[in-house]
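Each chain, written out:
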Amino acid sequence: MKSLKFDKFSSVDKLLIVLIFSSLLYSFFSLYFFKIYYRDSLWIASFAYNFAKEGNLLDVLSREPGLAIGHGRIMDLLYGNFMLYFSNFIYPHRFLSWIVSFPVLILFYLILRNINFERTICLLAVLFFSVSEHFLLSSHSARPEILILLTGFMSLFLFTSKNQTILKIIASGLLISISIDIHFSSQIFIFILIFYELSK
């Protein structure tokens, strides 16, 4: 893994790092006033909350048993228990997504370094990614996108590492399986791994 010692970064790199942290601070302070959202974000959050608290999925609108389509129980357990533990927060699901966004950006940087991009290019890509509308939206809602990015990027990081081992390949496949359970759309990572392997 490439060195991450701060004194080895150029002035441009340090500026990019400051801007990345600034974007994360903006993301944090915008948790309460960010206006772009999916209509079903709170609906999915309520499903997760009821699953963790009652052990079943309950539609809060009709107060009847419901069905969460497209995602598995890993997300419900994670978000539901987080909301139960931090019930005093107004938007606990948003805080969890924001926290998860940190390792997502770090993994994105490490993946780019693994495939031999220059450090400045990697930091610039991370900066643009951190301020993109989709990333901000994913880090502010209870939908599964941010968890898909986390597990998918973890898998890609292991798969693109220089010192490849059977254990890393198995772990990469396991993470993809977990990602698919979080949401079906993460199957795209399978094709990314296949194309990366074919391009070597």
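Let me begin by describing the structure that accompanies this report. In this text the structure is predicted, and so the values were computed from the model without any measurement.

## Considering the overall build of the protein
Here's step 1: A tally of helices and strands in the protein yields 9 helices and 2 strands.
Here's step 2: Reading the protein from its N end, one meets helices and strands in the order α-α-β-β-α-α-α-α-α-α-α.
Here's step 3: In the protein, which comprises 200 residues, the proportion classed as buried is 46%.
Here's step 4: The contacts in the protein between residues at least 6 apart in sequence include a share of 69% that link residues at least 24 apart.

## Digging into the nonpolar core
Here's step 1: The biggest cluster of nonpolar side chains holds 47 residues, and the ones touching the most others in it are Tyr-79, Val-104, Phe-129, Ile-146 and Phe-153.
Here's step 2: Breaking this core down by element, the ones donating at least two residues are helix H1 (11–29), helix H2 (41–54), helix H3 (73–85), helix H4 (92–114), helix H5 (119–130), helix H7 (145–160), helix H8 (166–182) and helix H9 (188–199).
Here's step 3: Looking at this core element by element, the count peaks at 12 residues for H4.
Here's step 4: In contact with Phe-129, not counting residues within four places along its chain, are Val-104, Leu-105, Phe-108, Phe-135, Leu-149 and Phe-153.

## Quick word on the packing of H1 against H4
Here's step 1: Two elements in contact, H1 and H4, have axes separated by 10 Å at closest approach and are oriented at 165°. The orientation of H1 relative to H4 falls into the category roughly antiparallel. H1 and H4 meet at a crossing whose hand is right-handed. In contact with Leu-24, Ser-27 and Phe-28 of H1, H4 contributes Phe-95, Trp-98, Ser-101, Phe-102 and Leu-105.
Here's step 2: A breakdown of the residues in the contact of H1 with H4 according to their chemical character gives 6 nonpolar, 2 polar and no charged.

## Notes on a nonpolar patch on the surface
Here's step 1: There is a patch of nonpolar side chains on the surface, built from Ile-188, Ile-190, Phe-191, Ile-192, Ile-194, Phe-195 and Leu-198 and spanning about 690 Å² of accessible area.
Here's step 2: As for its position among the elements, Ile-190 is in helix H9.
Here's step 3: Residue Ile-190 is classed as partly exposed on the basis of its relative accessible area of 32%.

## Observations regarding the side chain of Ser-155
Here's step 1: Mapped onto the fold, Ser-155 is located in helix H7.
Here's step 2: Once residues within four sequence positions are removed from consideration, Ser-155 is found in contact with Ser-172, Leu-175, Ile-176 and Leu-193.

## Observations regarding the packing of aromatic side chains
Here's step 1: Within the structure shown, the criterion is met by 9 aromatic pairs.
Here's step 2: Seen in terms of ring centroids, Phe-129 and Phe-153 are 6.3 Å apart; in terms of plane orientation they differ by 50°. Their pairing is tilted. One end of the pair, Phe-129, is in helix H5; the other, Phe-153, is in helix H7, with 24 residues separating them in the sequence.
Here's step 3: Classification of Phe-153 by relative accessible area gives buried; the value is 10%.

## Examining H2
Here's step 1: When the terminal C-alpha atoms of H2 are compared, their 20 Å separation across 14 residues agrees well with the 20 Å that a helix rising 1.5 Å per residue should span.
Here's step 2: Turning to H2, its buried residues are Ser-41, Ile-44, Ala-45, Ser-46, Phe-47, Ala-48, Asn-50 and Phe-51.
Here's step 3: A positive phi of about 85° marks Gly-55, the residue just after H2.

## Notes on H1
Here's step 1: The terminal C-alpha atoms of H1 lie 27 Å apart, and with 19 residues this matches the ideal 27 Å at 1.5 Å per residue to within 8%.
Here's step 2: When H1 is considered as a whole, its buried residues turn out to be Asp-13, Leu-16, Ile-17, Ile-20, Ser-23, Leu-24 and Ser-27. Viewed along the axis of H1, the buried residues span an arc of 115°, placing them on a single side of the element. Among the exposed residues of H1, those pointing more than 90 degrees away from its buried face are Ser-11, Leu-15 and Phe-29.
Here's step 3: Contacts from the buried residues of H1 go to H4, H5 and helix H6 (133–138).

## Quick look at the environment of Arg-143
Here's step 1: The residue Arg-143 is located in the loop between H6 and H7 in this model.
Here's step 2: Judged by its relative accessible area of 15%, Arg-143 is buried.
Here's step 3: In the structure, Arg-143 is positioned 102 residues away from Ser-41 in sequence and 5.8 Å away in space, judged by C-alpha atoms.

Criteria and thresholds
Residues numbered from 1 in each chain as written. Predicted model: local features only at pLDDT ≥ 70, side-chain atom pairs only at ≥ 80, totals over all residues. Heavy atoms only, no water. Helix = DSSP H or I, 4+ residues; strand = E, 2+ residues; numbered from the N terminus. Buried < 20%, exposed > 50% of the residue type's maximum accessible area, 1.4 Å probe, protein only. Contact = heavy atoms within 4.5 Å. Core = buried A, V, L, I, M, F, W, Y, C linked by side-chain atoms within 4.5 Å. Axes fitted to C-alpha atoms, helices over the stretch in contact; angles between N-to-C directions. Parallel < 35°, antiparallel > 145°, perpendicular 65-115°, else oblique. Left-handed = near helix turned anticlockwise from the far one by under 90°. Nonpolar A, V, L, I, M, F, W, Y, C, P; charged D, E, K, R; others polar. Patch = residues over 30% accessible without salt bridge, like charges linked within 9 Å, V, L, I, M, F, W, Y side chains within 5 Å. Areas by Shrake-Rupley, 256 points an atom, 1.4 Å probe, with all protein chains shown as cover. Salt bridge = Lys/Arg side-chain N within 4 Å of Asp/Glu carboxyl O. Phe/Tyr/Trp six-rings, centres within 6.5 Å; stacked < 30°, edge-to-face > 60°. Expected span 1.5 Å × (residues − 1). Arc of directions from axis to C-beta.

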